[in-house]
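An overview of the molecular structure
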Amino acid sequence: MERQLIKYLLASAQPADKVLLKGWIRTKRDSKEFSFLEINDGSCMSNIQVLAERSLSNYEEIEKLKTGSSISVKGRLVESPAQGQRFEIKAEEVEIYGPAPEDYPLQKKRHSMEFLREIAHLRPRTNTFGAVFRVRNKLSFAVHEFFQKNDFLHVHSPIITASDCEGAGEMFQVTTLDLKNIRVSEGRPDFTDDFFGRQANLTVSGQLEAELFATAFDRVYTFGPTFRAENSNTSRHLAEFWMIEPEIAFAGLQENMRLAEDFLKYIFRYCLENCSEDMKFFNDRIQPGIIDNLEAIISSEFEALSYTEAVSILMQSGEKFEYPVKWGADLQSEHERYLTEKKFGKPVIVTDYPKEIKAFYMRLNEDNKTVRAMDVLVPGVGEIIGGSEREYRYEVLVSRMKESGLNPEDYWWYLDTRKYGTVPHAGFGLGFERAVQFITGMQNIRDVIPFPRTPKNAAF
RNA sequence: UCCCCUGUAGCUCAGUCGGUAGAGCAGUAGACUGUUAAUCUAUUGGUCGCAAGUUCGAGUCUUGCCGGGGGAGCCA
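Heads up: these notes are all about the structure in this document. (Residues numbered from 1 in each chain as written. Chains lettered and ligands numbered in written order. Predicted model: local features only at pLDDT ≥ 70, side-chain atom pairs only at ≥ 80, totals over all residues. Heavy atoms only, no water.)

**So, the overall build of chain A**
How we decide: Comment: elements are numbered from the N terminus, with helices defined as DSSP H or I runs of at least four residues and strands as E runs of at least two. Buried residues are those whose accessible area, probed at 1.4 Å on protein chains only, stays under 20% of the maximum for their type, while exposed residues exceed 50% and partly exposed ones sit between those limits. In this analysis, two residues are considered to be in contact whenever any of their non-hydrogen atoms come within 4.5 Å of each other. Only the protein chains shown count as covering a residue, and every accessible area follows the Shrake-Rupley method with a 1.4 Å probe.
What chain A contains, in helices and strands, is 13 helices and 18 strands. The principal-axis extent of the C-alpha atoms belonging to chain A is close to 85 × 60 × 45 Å. Out of the 460 residues in chain A, the part that is buried amounts to 49%. Nonlocal contacts in chain A, meaning residues at least 24 apart in sequence, comprise 66% of its contacts between residues at least 6 apart. Summed over its atoms, the accessible surface of chain A is roughly 23,000 Å², and 49% of this surface lies on carbon and sulfur atoms.

**Points about the pairing of strand β5 (residues 87-98)**
The condition that has to hold: One requirement defines pairing of two strands: DSSP has to find at least two bridges between them.
Note that strand β3 (residues 48-53) and β5 share 2 bridges and pair parallel. Its bridge partner lying in β5, Val 50 is registered against Ile 89. Where strand β4 (residues 70-79) lies against β5, 10 bridges are found, and the strand directions are antiparallel. Paired with Val 78 across the strands is Glu 88, a residue of β5.

**Quick word on helix α8 (residues 290-299)**
Operational definition: In this context, the arc is that of the directions from the helix axis out to the C-beta atoms.
Taken together, the buried positions of α8 are Ile 290, Ile 291, Leu 294, Ile 297 and Ile 298. With its buried residues spanning 125° around the axis, α8 presents them on a single face. For α8, the exposed residues lying more than 90 degrees away from the buried face are Asp 292 and Ser 299. Buried positions along α8 lie against α6 (253-274), α7 (276-286) and α13 (432-440).

**A closer look at the protein's contact with RNA strand B**
Heads up, the rule is: Near is defined per residue: the residue qualifies when any heavy atom it owns lies within 4 Å of the molecule or strand. Here a polar contact is recorded for every N or O atom pair within 3.5 Å, except that within protein the pair must consist of a potential hydrogen donor and a potential acceptor, and residues adjacent in sequence are included only if both atoms are side-chain atoms. Any residue outside Ala, Val, Leu, Ile, Met, Phe, Trp, Tyr, Cys, Pro, Asp, Glu, Lys and Arg is labelled polar, Gly included; the first ten of those are nonpolar and the last four are charged.
Around RNA strand B sit 52 residues, and of these Gln 83, Arg 117, Thr 234, His 237 and Arg 434 come closest. What you see for RNA strand B is that sugar and phosphate hold 52% of its atoms within 4 Å of the protein. Interatomic distance of 3.3 Å between a side-chain N/O atom of Ser 80 and a base nitrogen of RNA strand B. In the model, a sugar or linking oxygen of RNA strand B is placed 3.0 Å from a nitrogen or oxygen of the His 111 side chain. Every element with two or more residues in the surface near RNA strand B is listed here: β1 (16-30), β2 (34-40), β3, α3 (113-118), β13 (240-249), α10 (333-343), β17 (382-389) and β18 (425-431). Tallying contributions element by element places β17 first for the surface near RNA strand B, with 4 residues. For the surface near RNA strand B, a count of residues per class yields 12 nonpolar, 21 polar and 19 charged.

**Considering the nonpolar core**
For the record, the criterion: Here, nonpolar core means buried Ala, Val, Leu, Ile, Met, Phe, Trp, Tyr and Cys residues that are tied together by side-chain atoms lying within 4.5 Å of each other.
By size, the foremost hydrophobic cluster in this structure holds 66 residues, and its most contacted members are Phe 263 and Leu 264. In this structure Leu 264 touches Phe 302, Val 376, Ile 384, Ile 385 and Leu 430, once residues within four positions along its chain are discounted. Of all hydrophobic cores here, the second largest spans 28 residues; its members include Leu 305, Val 311, Val 348 and Tyr 353.

**Some details on the environment of Phe 451**
Inspection of the secondary structure assignment puts Phe 451 in the segment after α13. In contact with Phe 451, not counting residues within four places along its chain, are Ala 120, His 121 and Phe 460.

**Quick look at the state of the cysteines**
Filter applied, for reference: Cysteine sulfur pairs qualify as disulfides if the two atoms are within 2.5 Å.
Throughout the structure, instances matching the rule amount to 0 disulfides. Cysteine Cys 271 remains unbridged, with the sulfur of Cys 275 as its closest cysteine sulfur at 4.7 Å. Accessibility expressed as a relative area gives 5% for Cys 275, which makes it buried.

**Quick notes on the pattern of salt bridges**
Any two side chains of opposite charge can pair, on the condition that their charged atoms come close. Here is the rule: What counts as a salt bridge is simple: a side-chain nitrogen of Lys or Arg found within 4 Å of a carboxyl oxygen of Asp or Glu.
Within the structure shown, the criterion is met by 32 salt bridges. A salt bridge links Glu 389 to Arg 372; the shortest N-O distance between them is 3.1 Å. Of this pair, Glu 389 sits in strand β17 while Arg 372 is found in strand β16 (residues 370-378), placing the two residues 17 residues apart along the sequence. Judged by its relative accessible area of 5%, Glu 389 falls in the buried class. For Arg 372, a relative accessible area of 18% puts it in the buried group. Linking Arg 393 and Glu 391 is a salt bridge whose minimum nitrogen-to-oxygen distance equals 2.7 Å. Its relative accessible area of 28% is what places Arg 393 among the partly exposed residues.

**Considerations on the packing of aromatic side chains**
Our working rule: Pairs were defined over the aromatic rings of Phe, Tyr and Trp, the Trp ring being its six-membered one, requiring ring centres within 6.5 Å. Orientation was assigned from the angle between planes: stacked under 30 degrees, edge-to-face over 60, tilted for the rest.
What the rule picks out here adds up to 23 aromatic pairs. Ring centres 6.3 Å apart and planes at 50° place the aromatic pair Phe 263 and Phe 428 in the tilted group. One end of the pair, Phe 263, is in helix α6; the other, Phe 428, is in strand β18, and 165 residues separate them in sequence. Since its relative accessible area comes to 0%, Phe 263 is described here as buried. On the basis of relative accessible area, Phe 428 is assigned to the buried category, the value being 2%. Each ring, one from Tyr 307 and one from Trp 327, has its centre 5.6 Å from the other, and the planes form 75°; the classification is edge-to-face. With Tyr 307 in helix α9 (residues 307-316) and Trp 327 in the loop between α9 and α10, this residue pair connects regions lying 20 residues apart in the sequence. The class of Tyr 307 is buried, set by a relative accessible area of 0%. Looking at Trp 327, the relative accessible area reads 37%, which means it is partly exposed.

Next up, the structure:
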């Protein structure tokens, strides 16, 4: 007899005589002559109800089973005589794989997210995290599907990088040197002894590599782990996270904005259509209204405005901000919140920021003051995408590097793309976990990644 | 890294003015012929985060340390 997943059993068109299912007991209700076992196998949010009667040969053991135990059930799929479910299983044989003693931490009650974070090895067995990781899975698939349908090439950008300074944040060092017994010359470790013969780090961005490939394949994307050693303690930062970075050649800021908007709408719609049961759970229990919200976003146009326009809107808003709004200063979280949550109530794309507050590789505008940057802000999460049209003019890029205190020689390979057949191009970075957060309504980014890495925390 | 809040039973939490520890769930024992977070009866369970201080007396007040959360910065 072939085992069937619970999601298919529950979706059956009619009863069936012989079925086999396996899973974990979520809860059990006993009566004198029988027990109801609610079984979940992770294939869907719903449990299937199993009726186990005293006539079963091992009923005495079944009766003692507790929440968390793993079992296999052979029996009949029958229409349920009671309210609450269409089908249930009338057990004919119950095999016990592993009972769960009474100290199983996930009892049938509400647990706090903080407590569940401390038992990250068990939390996938809860309703909330089951839904989160099913949605995360589908979302990941949707990312690939969108790009593949649109002729993008997936690039596996390196995780270890030896480029001296990428400038996107503090880096984790990668070394095989014996740190307890390190050879120092002139006050510094001698990296010529190290594995790569030079200092190496975990990547903080695949963008530079994506740019290289875009000059060959036109449209590319990376989707991989990214590492930032910042001492960030917030609900939207991780030390290890997954980033999606498309890069398109023969394109500028307009095409980039269009891509970002189409992409977000596509993956949102994909989740609504393919995770409806889980999305209903988020809508009912985690963030009321999230489904309507996403649907409204899919059918509306993102608001696009320049940094200069954003500053003037903020100054005329009459809002009392903790940090004053001033042209030239970066937008604070409260300013971004006002724009996306209060003023427009939908995603907002802010473009053309002052060059002083953005990275060296962004295309300088004619005014010599601003660069073709874009940030996509969404309600609740804030910045979900950061990107730009890239500076493709060799001389301008070199002088921007020098202004930023970088040594152009360290980037000779990057500069080569501007030297040989340079082309206008653009791209952006999307924080995958922030997208999962936005879609599910989960408040803390640590609860949308299987095993979160944050300062002072790398358990599991 | 900075600011604020918080730490009491396995979990979620209450604990008044400083007077010696409490509920629900889970567990345990039993009842119940269809339950849906099943219900009903009884019941076990505590280094009140750690350390020091004030006091006749500290879960409660003070200080330090540690853990957790929220906000800010860095960004995705």
